[in-house]
Amino acid sequence: MKRIAIGVGAAALLAGGWALAQMAAEPVPGLFPYKDATRVANGKRLYGENCAACHGAQLEGQPDWKERDADGLLPAPPHDPTGHTWHHPDQQLLAIVTHGTEAIVGGDYRSNMMGFGEILGEAEIVDVMAYIKSTWPDEVIEIHNEINARASAYR
């Protein structure tokens, strides 16, 4: 019986432990390794392939991103400092990119933002977010790290 319990515990650690291990490895709160040049470079490539068509090659988003279109949908927001990406903790951003905005917000909320969880793996999504965060000015990164620290207190 002990052998099974250890096996189950190890399997749970391996299955769900990637994000926790990543958090423990980083000196700042959060999941996104924005100081890791290799991960950031991979994220930049993946962003170009999967995100830039809507969110812009320079992270600028679509015009009038705060105004709903004729279908009642918001255009893609910027991921640069003028947007609101950095206002959300990493765990929430990871969930939005993985599952899509509608799935996370729920209710009657509608969005063009699909989930990428079946297209990109978790590590790839984390790399994309690391790239995005790496482009922010230091003061925005500091605020975002504080948001992550506050959010981690509630997990």
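Preceding block: the structure.
Structure report, in brief. (Residues numbered from 1 in each chain as written. Predicted model: local features only at pLDDT ≥ 70, side-chain atom pairs only at ≥ 80, totals over all residues. Heavy atoms only, no water.)

Some words on the overall build of the protein chain
Line of reasoning, step 1. Of regular secondary structure, the protein chain possesses seven helices and zero strands.
Line of reasoning, step 2. Overall, the protein chain shows an N-to-C arrangement of helices and strands of α-α-α-α-α-α-α.
Line of reasoning, step 3. Split into buried and exposed, the 155 residues of the protein chain put 38% on the buried side.
Line of reasoning, step 4. Considering only contacts in the protein chain between residues 6 or more positions apart, those separated by 24 or more positions represent 53%.
Line of reasoning, step 5. In the form shown here, the protein chain has an accessible surface area of approximately 9200 Å², with 59% of it arising from carbon and sulfur atoms. (Helix = DSSP H or I, 4+ residues; strand = E, 2+ residues; numbered from the N terminus. Buried < 20%, exposed > 50% of the residue type's maximum accessible area, 1.4 Å probe, protein only. Contact = heavy atoms within 4.5 Å. Areas by Shrake-Rupley, 256 points an atom, 1.4 Å probe, with all protein chains shown as cover.)

Considerations on the packing of aromatic side chains
Line of reasoning, step 1. Across all of its chains, the model carries one aromatic pair by this definition.
Line of reasoning, step 2. Here the aromatic rings of Y47 and Y131 are separated by 5.6 Å at their centres, their planes lie at 55°, and the arrangement is tilted. With a gap of 84 residues between them, Y47 in helix α2 (residues 37–50) and Y131 in helix α6 (residues 122–134) connect regions that are remote in the sequence. Considered together, Y47 and Y131 belong to a single accessibility category, that of buried residues. (Phe/Tyr/Trp six-rings, centres within 6.5 Å; stacked < 30°, edge-to-face > 60°.)

Focus on the layout of surface pockets
Line of reasoning, step 1. Its boundaries defined by the atoms lining it, the largest pocket holds a volume of some 740 Å³.
Line of reasoning, step 2. Lining the largest pocket are 34 residues, with H55, P77, I96, T101 and M113 positioned closest to its centre.
Line of reasoning, step 3. For the lining of the largest pocket, the class distribution of residues is 22 nonpolar, 11 polar and one charged. (1 Å grid on protein atoms, 1.4 Å probe; cavity = no way out; pocket = protein on both sides within 12 Å on 5 of 7 lines; lining within 4 Å. Points joined across faces, edges and corners; volume = space filled by probe spheres on them. Nonpolar A, V, L, I, M, F, W, Y, C, P; charged D, E, K, R; others polar.)

With respect to unusual backbone geometry
Line of reasoning, step 1. For L59, which is not a glycine, the phi torsion comes out positive at approximately 65°.
Line of reasoning, step 2. Note that L59 resides in the loop between α3 (52–55) and α4 (90–99).

Re the side chain of T101
Line of reasoning, step 1. Residue position: T101 is located in helix α5 (residues 101–105).
Line of reasoning, step 2. Once you skip the residues sitting within four places of it in the chain, T101 turns out to touch I96, G106, Y109, S111 and M113.

Let's talk about helix α7 (residues 138–152)
Line of reasoning, step 1. Its 15 residues place the ends of α7 21 Å apart at the C-alpha level, agreeing with the 21 Å of an ideal helix rising 1.5 Å per residue.
Line of reasoning, step 2. All buried positions along α7 are accounted for by V140, I141, H144, N145, I147 and N148. Within α7, the buried residues cover an arc of 155° as seen down the axis, which keeps them to one side. Looking at α7, the residues exposed on the side facing more than 90 degrees away from the buried face are D138, E139 and E142. (Expected span 1.5 Å × (residues − 1). Arc of directions from axis to C-beta.)

Quick look at the packing of α4 against α6
Line of reasoning, step 1. Interhelical geometry of α4 versus α6 gives an angle of 120° and a closest axis separation of 10 Å. Classed by the angle they form, the pair α4 and α6 counts as oblique. In terms of crossing hand, the pair formed by α4 and α6 is right-handed. Along the contact surface, α4 presents L93, L94, V97 and T98, while α6 presents E122, I125, V126 and M129. (Axes fitted to C-alpha atoms, helices over the stretch in contact; angles between N-to-C directions. Parallel < 35°, antiparallel > 145°, perpendicular 65-115°, else oblique. Left-handed = near helix turned anticlockwise from the far one by under 90°.)

A short note on the environment of C54
Line of reasoning, step 1. On the secondary structure map, C54 appears in helix α3.
Line of reasoning, step 2. Sequence separation between C54 and N112 is 58 residues; the distance between their C-alpha atoms is 9.6 Å.
Line of reasoning, step 3. Not counting residues within four places of it along the chain, the set of residues in contact with C54 comprises G61, Q62 and A76.

Remember that the coordinates give geometry; whether it matters functionally is a separate question.
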